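# An overview of the molecular structure
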Amino acid sequence: MPYFMIRLQNNLIMKQRDYSIDMLRGIAIICIIIAHIMPPPIVFQLRNFDVPMMVFLSGISYSLSSGQKVNYKLYVWKRIKRLIIPTWIFLTIYTLLMYVANDELLPKRLIIEYYTLDTTSYVWIIRIFFVMSLTAPIVAKFTSRISVNQSLVVLIVMILGNEALCYVHDGWKWQMLIMNIPYLAIFTYGYMINKISKRNICLTFIGMMLIFVLIEVVLFLHNNSFVPTQAYKYPPRLYYISYAMGVCCLSYLLRTKLAKITEKLQLKIFFEFIGSHSIWIYFWHVIILDTTQIDSLPVSWYVRFLFVFASALLISYVQDNLLSYVVLNINNQPLKKNLLTFFRG
């Protein structure tokens with residue numbers, strides 16, 4: 001297939017995607033990158049909905065792509081190829097580059113934690129996405145058997161139950177286990193969003209923000225200062241979830257208007273690329289951060305952000321074009337498909 005035909009095929013795939021979802025995913029990945037370059041406290045707090053937003057959008061995306069029975073073993077293998085193998089490739093590149101930069105290998109314990117995703121470092125988010133993808137078919141089957149209102153009650157119980165479970169034990173393994181519960185609730189809400197009325201989404205937004213404000217007032221009176229939701233992120237507590245879910249609901253309600261604004265600003269192609277290449281943009285920004293140590297340089301936070309984000313975006317763009325060129329010379333269709341899955345996501 002000629003190179004220009006591959007690019008045309010990619011453009012056709014992009015047109016089939018929901019641009020508003022790619023736009024929101026782009027905003028979320030930008031916020032994640034901002035978090036890692038040490039912005040001012042107010043900026044850090046405002047963007048602290050990013051990971052829940054990604055999980056929420058994953059639920060929406062799954063609802064748009066599902067609808068037929070799947071072979072679960074085959075489905076799991078596809079998720080491994082789309083999430084785990086790219087992560088291992090990234091970690092191999094990361095480990096080698098860190099060795100070149102520091103002239104020493106990462107500690108064996110750290111490498112094992114990274115490759116098994118048993119960490120709170122950068123790749124923990126991949127563990128969350130993988131767990132959500134494994135439970136997605138179960139979520140689809142469960143929600144199809146009960147009403148939307150009953151499903152929402154279950155989600156409320158999950159979030160409140162998680163809050164109670166946080167007091168049971170404070171060990172890392174326990175926290176790693178229960179932190180899946182609130183993210184599963186967020187994923188499920190995203191999956192059901194097309195069945196939930198606009199009125200109920202508005203009520204969810206109002207309810208979540210009221211809970212956030214109420215908890216913040218209590219924390220402020222106790223600490224005599226504003227307590228960021230980040231303090232309640234590992235594992236996600238109601239304070240963290242309420243703010244993030246409130247922003248998710250508001251963003252979803254405004255997505256059409258936001259999409260039109262970005263289109264008028266000629267940013268559609270920009271957000272489409274970010275939305276469809278988010279995993280490798282995320283990986284490259286980690287490598288750039290840790291190899292350049294830019295977060296320790298005495299420059300403004302937005303300068304650090306622009307450098308890291310622009311670099312990750314540029315490398316991802318070059319990678320995507322090289323990938324399209326490489327597959328031209330491959331006649332083995334399974335290999336071609338796997339390469340596209342590993343390096344494009």
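All values derive from a computational prediction rather than experimental measurement.

Along the polypeptide, Gln175 turns up in helix α9 (residues 172-178). Not counting chain neighbours up to four residues away, the residues in contact with Gln175 comprise Asp170, Tyr234 and Pro235.

Once that is clear, we can look at the confidence of the model for the chain. For the chain, the average pLDDT comes to 91, and 94% of its residues sit at 70 or higher. Ignoring residues within four places in sequence, the model shows residues 11-15, a span with pLDDT below 50, making 3 contacts including any to other chains.

Look at the link from Tyr234 to Pro235: it is a cis peptide, with omega at -5°. Note on placement: Pro235 falls in the loop between α11 (198-223) and α12 (238-264). Phi is positive for Gln293, which is not a glycine, with a value near 55°. Judged by relative accessible area, which is 40%, Gln293 ranks as partly exposed.

Glancing now at the packing of aromatic side chains. If you walk through the whole model with that rule in mind, you get 23 aromatic pairs. Ring geometry for Phe90 versus Tyr94: centroids 5.8 Å apart, planes at 45°, classification tilted. Here Phe90 pairs with Tyr94, and both are found in helix α5 (residues 72-102), just 4 residues apart, close to one helical turn. For the pair Phe90 and Tyr94, a shared accessibility class is recorded, and that class is buried.

What follows concerns the state of the cysteines. Under the defined criterion, the tally for this structure stands at 0 disulfides. As a non-bridged cysteine, Cys202 has Cys249 as the owner of its nearest cysteine sulfur, 8.9 Å distant.

This brings us to the pattern of salt bridges. Applying the stated criterion across every chain, the model contains 6 salt bridges. Notably, a salt bridge pairs Arg47 with Asp50, separated by 2.4 Å at the nearest N-O pair. Neither residue differs from the other here; Arg47 and Asp50 are each classed as buried. A salt bridge links Arg344 to Asp320; the nearest nitrogen and oxygen atoms lie 2.6 Å apart. Of this pair, Arg344 sits in helix α16 (residues 333-344) while Asp320 sits in helix α15 (residues 301-326), placing them 24 residues apart in sequence. The two residues Arg344 and Asp320 agree in class, both being buried.

Rules behind the numbers
- Residues numbered from 1 in each chain as written.
- Predicted model: local features only at pLDDT ≥ 70, side-chain atom pairs only at ≥ 80, totals over all residues.
- Heavy atoms only, no water.
- Helix = DSSP H or I, 4+ residues; strand = E, 2+ residues; numbered from the N terminus.
- Contact = heavy atoms within 4.5 Å.
- pLDDT = per-residue confidence, 0-100.
- Buried < 20%, exposed > 50% of the residue type's maximum accessible area, 1.4 Å probe, protein only.
- Phe/Tyr/Trp six-rings, centres within 6.5 Å; stacked < 30°, edge-to-face > 60°.
- Disulfide = S-S within 2.5 Å.
- Salt bridge = Lys/Arg side-chain N within 4 Å of Asp/Glu carboxyl O.

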